[in-house]
Amino acid sequence: MTILLKNGRLIDGTGEPGYKADLLIENRRIAAVGRIEEHLADQVIDVSGKCVAPGFIDSHSHNDWFAPRTDRTPFFTPFAEQGITTQVTGNCGFSPFGYEENSPHLDLLGSGLFSRGAFEKEDFSHLQGFVEACGNPPLNILPIYGHMSSRISISGYANRELTPEEVKRQNALLERTLEEGAAGVSFGLMYEPDRYAPYEELKRAAEIASRRGKIVTVHARACSAASTSYQPPFGGRPHNLRALDEMARLARETGVKVQYSHLIFVGSRTWKTLDEALRIIDDLNREGLDFMYDSYAMTYGASVITVVLPSWYLGLPEAKRRSAAVRARMALEIGVTKGILGFDFEDIVIAWIGEGHEDLCGKNVHQIAREWKVSDLSAYLTLVDLSAGKGRVIMHKYSTPEILARLMTDPRCLCMTDAWVEEEGMQNPATFGCFPEFLRLAKERGHLEHTVRQMTGAAADRFGLRNRGYLKEGCLADITVFDPFKVAPALESDGRPSGIDLVFLAGKQIVENGIFSGDSRGEILL
């Protein structure tokens, strides 16, 4: 089967200016680019006025948690309809494989954000078992190994260093999973239990990855100038820069390739640290290290409700958390931190608390506190308890349009969604329109080719995806056709974006007129 895309403007993933040309798909690959006669194709599609680009690569995804499920298609549909054909998964320390089969802590995998639905935890403990369970997912998946899965498997949420015997077991998990084909290791240093991992534990994992030529991705310990990840939670060097310093040290000491996940600046008083953060990253690359980052097109993002709580509090037994002394210390720390940050409980929107609390979805913590006639902190801690620490939130003031514009033009920034379809509660709008928003902003600001490169060729190069990310003869025909004048995110938070007209996955058309067919067979890329 040959398909000819006729009269399109090709934006080929190199960053070079787009040009008018035809593109011929033969079976799974791009057979020719240029002026091509129609009689050479079985099917001709006129894409006049449209841009033809490589299939978009989501550089930071969590859809590996949904790939093994029997009802997985709805979880991939909105990403296909954004023009995404490949997702880099296993970020922020979360992955649904790489654990000890007999671990007593398997119910903690996913840390409250993710589960594998009907699949039993013991169905696949390592990457190969995961691959067998998934079969062909709807889109391509490049799996990274979440470091938290190793720590949970061995010690649950224990707030301590691992013993020498436990270190050996963790190293064995890391070695085996990377040997099986995982693309790298990810850290989730604001989540339990990775927030308890000392630097030396992270360094051991990075050394293992570096020896194998693999990447490390990291959700850093802090994304704000003041943070409960550090004690005291305010004062001194801005905490988001301390967190970046830690990963800079890791890169220098191990030589590992680092992808700094979702470079954000939470709270209005953190925004001024942008220049220093980018200077650190520039310096690392000038030293010959390989250090990049990614961003989403929104100024907010999804997280777990406990992400702002300090480690000392989360490590306490539940009974002690309720003591007056603990509450007083918590109130002082959070009160001062909020003032320093320019971030408040109004900026934390509830996405899901649990059954019976659906009326809370879409409200911010301050609104709920007023309804309950309690303090904001009391309402927040009650929400934590009601959800057993597993509630979901949308956090605002992650960035500004000006910061986003700066990041989007930086060649070291890749594009990502960091989003997933929720089964209950409020959806993250990034799930349904992040990449179209990138394209809309890029067209508006005059750097469309650069942005397409960051979501295609640059991402493919970054993660070692051969024969993807470019419109070149011989490359796999992962292709997205969009209308640059109509492309935009969905009007509703869970709607369909506009302007993404056609998507091909390995030569097979999977999206037509913006609608995913559901009939697609991606690959797990090992």
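Keep in mind the model is a prediction, meaning the values are calculated, not measured. (Residues numbered from 1 in each chain as written. Predicted model: local features only at pLDDT ≥ 70, side-chain atom pairs only at ≥ 80, totals over all residues. Heavy atoms only, no water.)

> What exactly am I supposed to notice about the sheet that holds strand β15 (residues 348–352) here?
Strand pairing within a sheet occurs via backbone hydrogen bonds; the two strands may be parallel or antiparallel. Sheet architecture is open: three strands sit in the order β14-β16-β15, paired in antiparallel fashion. If you trace the sheet from one side to the other, it starts and ends with β14 (301–304) and β15, each paired once. Taken over all neighbouring pairs, the strand axes of this sheet differ in orientation by 35° on average, direction set aside. (Pairing = 2+ DSSP bridges. Helix = DSSP H or I, 4+ residues; strand = E, 2+ residues; numbered from the N terminus. Axes fitted to C-alpha atoms, helices over the stretch in contact; angles between N-to-C directions.)

> Where do I start with a nonpolar patch on the surface in this structure?
Taken together, the side chains of Trp372, Val374 and Leu386 make up a nonpolar region of the molecular surface, amounting to roughly 230 Å² of accessible area. Structurally, valine 374 is set in the loop between α11 (365–372) and α12 (376–386). Overall, the relative accessible area of 36% leaves valine 374 in the partly exposed class. (Patch = residues over 30% accessible without salt bridge, like charges linked within 9 Å, V, L, I, M, F, W, Y side chains within 5 Å. Areas by Shrake-Rupley, 256 points an atom, 1.4 Å probe, with all protein chains shown as cover. Salt bridge = Lys/Arg side-chain N within 4 Å of Asp/Glu carboxyl O. Buried < 20%, exposed > 50% of the residue type's maximum accessible area, 1.4 Å probe, protein only.)

> Where do I start with the pattern of salt bridges in this structure?
If charged atoms from side chains of opposite charge come close, those side chains can pair. What the rule picks out here adds up to 39 salt bridges. Between glutamate 253 and arginine 249 there is a salt bridge, and its shortest N-O distance comes to 3.0 Å. Of this pair, glutamate 253 and arginine 249 both sit in helix α6 (residues 239–254), four residues apart, which is roughly one turn of the helix. Through salt bridges with shared partners, a single ionic network connects Arg237, Asp245, Glu276, Arg279, Asp283 and Arg286.

> Just to check I follow, could you spell out helix α1 (residues 73–80) for this structure?
Each full turn of the α-helix corresponds to 3.6 residues, which orients residues three or four apart in the same direction. For α1, the buried fraction is high: six of the eight residues fall into the buried class. Buried within α1 we find Phe75, Phe76, Thr77, Pro78, Phe79 and Ala80.

> Would you take a moment to explain the nonpolar core for this structure?
Among soluble globular proteins, nonpolar side chains are generally buried collectively. Counting 145 residues, the largest nonpolar core has Tyr260 and Phe482 as its most contacted members. With 18 residues, the next largest nonpolar core counts Ile30, Ile45, Val47 and Val52 among its residues. (Core = buried A, V, L, I, M, F, W, Y, C linked by side-chain atoms within 4.5 Å.)

> Hey, could you run me through the packing of aromatic side chains in this one?
Two measures describe an aromatic ring pair: the distance that separates the ring centres and the angle between the ring planes. Tallied over the full model, the rule gives 14 aromatic pairs. Ring geometry for tryptophan 65 versus phenylalanine 114: centroids 5.7 Å apart, planes at 15°, classification stacked. Of the two residues, tryptophan 65 sits in the loop between β6 (56–58) and α1 while phenylalanine 114 sits in the loop between β7 (84–89) and α2 (127–134), which places them 49 residues apart along the sequence. Relative accessible area serves as the criterion here: at 1%, tryptophan 65 is assigned to the buried category. Classification of phenylalanine 114 as buried rests on a relative accessible area of 6%. Each residue in the set Trp65, Phe94, Phe114, Tyr191 and Trp420 is aromatic and connected to the rest through ring pairs, giving one cluster. (Phe/Tyr/Trp six-rings, centres within 6.5 Å; stacked < 30°, edge-to-face > 60°.)

> I would appreciate a short explanation of the pairing of strand β11 (residues 215–219) in the present structure.
Along any regular strand the residues' side chains alternate between the sheet's two faces. The element β11 is largely enclosed, with a buried count of five among its five residues. Alternating positions in β11 separate into two faces, Ile215, Thr217 and His219 on one and Val216 and Val218 on the other, with burial throughout. Alignment of strand β10 (residues 184–188) against β11, held across five bridges, turns out to be parallel. From the neighbouring strand, glycine 188 faces β11, where its bridge partner is histidine 219. Between the parallel pair β10 and β11, the chain is carried across by helix α5 (residues 199–211), and the sense of this crossover is right-handed. As paired elements, β11 and strand β12 (residues 257–260) share four bridges and run parallel to each other. Pairing of valine 216 across the sheet is with valine 258, part of β12. (Right-handed = clockwise from strand over helix to strand, strands pointing away.)

> Can you walk me through helix α14 (residues 430–445) in this structure?
The largest bend in α14 amounts to roughly 30° and is located at proline 436. Across the 16 residues of α14, twelve count as buried, placing the element largely inside the fold. Along α14, the positions that sit buried rather than exposed are Ala430, Thr431, Phe432, Gly433, Cys434, Phe435, Pro436, Glu437, Phe438, Leu439, Leu441 and Ala442. Downstream of α14 by one or two residues, glycine 446 has phi in the positive range, about 85°. (Bend = angle between axes of the 7 residues up to and from the residue.)

> So what exactly am I meant to see when it comes to the packing of α5 against α6 here?
Any two packed helices are characterised by the angle at which their axes cross and by the distance between the axes. Where α5 contacts α6, the axes come no closer than 10 Å and their chain directions differ by 45°. Overall, the two elements α5 and α6 adopt an arrangement that is oblique. As α5 runs across α6, the sense of the crossing is right-handed. In this structure, α5 contributes Tyr199, Glu200, Leu202, Lys203, Ala206, Glu207 and Ser210 to the contact, and α6 contributes Glu246, Met247, Arg249, Leu250, Glu253 and Thr254. Of the residues in the contact of α5 with α6, the class split is five nonpolar, two polar and six charged. (Parallel < 35°, antiparallel > 145°, perpendicular 65-115°, else oblique. Left-handed = near helix turned anticlockwise from the far one by under 90°. Contact = heavy atoms within 4.5 Å. Nonpolar A, V, L, I, M, F, W, Y, C, P; charged D, E, K, R; others polar.)

> Would you mind showing me how to read the sheet that holds β10 here?
One open sheet accounts for six strands, arranged β9-β10-β11-β12-β13-β17; its pairing is parallel. Of all the strands in the sheet, just β9 (145–146) and β17 (413–415) have a single pairing partner and so form its edges.

> Would you explain the side chain of asparagine 285 in this entry?
The residue asparagine 285 is located in helix α7 (residues 274–286) in this model. On the accessibility criterion, asparagine 285 (19% relative accessible area) is buried. Of the polar contacts made by the side chain of asparagine 285, one reaches the backbone oxygen of phenylalanine 291; its length is 2.8 Å. Setting aside anything within four residues of it in sequence, one finds asparagine 285 in contact with Asp290, Phe291 and Arg412. (Polar contact = N/O pair within 3.5 Å; in protein donor to acceptor, adjacent residues only side chain to side chain.)

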